[in-house]
Structure formats: structure tokens, C-alpha cells
Amino acid sequence: EVHLVESGGGLVQPGGSLRLSCAASGFSFSNEWMHWVRQGPAKGLVWVSQISADGTNTAYADSVKGRFTISRDNANNTLYLQMNSLRVEDTAVYYCARALGDWGQGTLVTVSS
Amino acid sequence: QAVVTQEPSLTVSPGGTVTLTCGSSTGAVTSGHTPYWFQQKPGQAPRTLIYVTNNKQSWTPARFSGSLLGGKGALTLSGAQPEDEADYYCSLSYSGTWVFGGGTKLTVL
């Protein structure tokens, strides 16, 4: 059974940084593209970023490009999202997803002073 | 960046049929956009129903089907059940990036 568990969310001031993690199990992590998707309060889903199975190809939504970095550790079955220069509008639940087919339960990031 | 459009809300009667659509600001939706469909109930994480236009996950009820219809991606629910009341999102791929639609709130009433 696929299991994805996000962590690392919390309260941070504007301009601050956070690193999210997603621990994966139940599938061959090193063979799968992975995504981050976020959902603001009472809002819809927004795609954030994706990374190829070997980590060499990445892509970002325009809204986070240059501020967020996706990475992975295939030896430890973990996906990351480094978030810098955080803005109030980055406040959201952040989900990791395996090839957009399986989803974690999300971790809440709140950017507020 | 492309904009993906969905009906904001739809209502279907129990046992009825409804089609949700997923349009693209760039033109017709094709299989190359690899449409996905997701269901989300209040307080829950999204769950993927359909991937790459018309493929079902193992948990996807048979009453859901995906297709391309009139230049849009489409999710058809045949024989709606009360438990199908939820928000539905589609996503489309654009040269290595993805865009989600704004979601359709489906009411079964």
C-alpha cells in the first residue's frame, strides 16, 4: 500500500524559510516522478512542483519559481520542498503526490507576522 | 501560464448522470494534456479518480469515467450516489508543468 507522510509545516514569518519532507513507502520510490501540490484556505488545488525519478529534471509553477526548490533522496525514500522568501499567499496545506496518483494527508504552512 | 476552466458547481439527482468538463485557455484539450480527475471531500486529501484521460485507479467506482468531449476533458458520473457529493478537480499537463482547474462542487440532490 502506498503511504506518503508529509512533515515540516508550521508557522513562519514573511520572508522566512521552511523545508517540507515527504516520507514515502509501499512503492518503488526511485522509479516514480513526484509532485508537490498546495491548497490555500477554502481554495482549490494548485500545482507547485515536480521532480523526475532520478532527480535530474524539475519544474515549478511560476508563482514559486526562484523561491522553492524540490529535491529527493532516493536512498531514504524522501521527497523535499525547500521554501524560501515565503509570502503570506504561500499559506496552504502542502501535499506530496506520487505521479499525481497517490496523495499524502498534507502539512499546513502558515506564513504570518 | 494556461488557465484550466471547470464548472463552479453542478447538481445531479440521485441515480442521475452528470458530466463535468475541463477546458484549456490554449485551445482544445487533447490526450497530450494527459487529463487527470480528482475527488476531494471536506477535510480530506484529494483522491485520484482518473489518470491520463480515461484510466481508473483501483478504487475508482465503475460509475465514473473519463473522456475527451467537445474539445474538453470530461468526467462522467452515471448513477450518482449521495457519497459522490464532493469537489472535483481536473489537471492538465503543459510541456512539463501542470495546471489545476478551479474545481467543480458537485451536489447530489
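It should be noted that the structure appears before, not after, this text.
Residues numbered from 1 in each chain as written. Chains lettered and ligands numbered in written order. Predicted model: local features only at pLDDT ≥ 70, side-chain atom pairs only at ≥ 80, totals over all residues. Heavy atoms only, no water.

Student: Even after reading the chapter, I still don't get the pairing of strand S9 (residues 86-94) of chain B, so can you show me in this structure?
Tutor: Remark: a regular strand shows side chains that alternate across the two faces of the sheet. Residue and element names in this part refer to chain B. Judged by how many residues are buried, S9 sits mostly within the fold: 8 of 9 residues are covered. With 5 bridges joining them, strand S4 (residues 36-40) and S9 adopt antiparallel strand pairing. Of the residues in S9, the one forming a bridge with Phe38 is Tyr89. In the sheet, S9 pairs with strand S11 (residues 104-108) via 3 bridges, with the strands oriented antiparallel. Within S11, the residue paired with Tyr88 across the bridge is Thr104. Strand direction decides the pairing type here: S9 and strand S10 (residues 97-100), joined by 4 bridges, are antiparallel. Looking at the pairing, Ser93 lines up with Trp98 of S10. (Buried < 20%, exposed > 50% of the residue type's maximum accessible area, 1.4 Å probe, protein only. Helix = DSSP H or I, 4+ residues; strand = E, 2+ residues; numbered from the N terminus. Pairing = 2+ DSSP bridges.)

Student: Looking at this structure, I do not really get the interface of chain B and chain A. What am I missing?
Tutor: Many structure descriptions define interface size as the accessible area lost when the parts assemble. Contact with chain B, which involves 17 residues of that partner, is made by 20 residues of chain A. The contact between chain B and chain A buries some 1400 Å² in all, and 58% of this surface belongs to carbon and sulfur atoms. Summed over the shared surface of chain B and chain A, the result is 0 salt bridges. Remark: the boundary between chain B and chain A carries 8 residue pairs in polar contact (both at pLDDT 80 or more). Grouping the amino acids of the side of chain B that touches chain A by side-chain chemistry returns 8 nonpolar, 9 polar and no charged. (Contact = heavy atoms within 4.5 Å. Buried area = accessible area lost by both parts, 1.4 Å probe. Salt bridge = Lys/Arg side-chain N within 4 Å of Asp/Glu carboxyl O. Polar contact = N/O pair within 3.5 Å; in protein donor to acceptor, adjacent residues only side chain to side chain. Nonpolar A, V, L, I, M, F, W, Y, C, P; charged D, E, K, R; others polar.)

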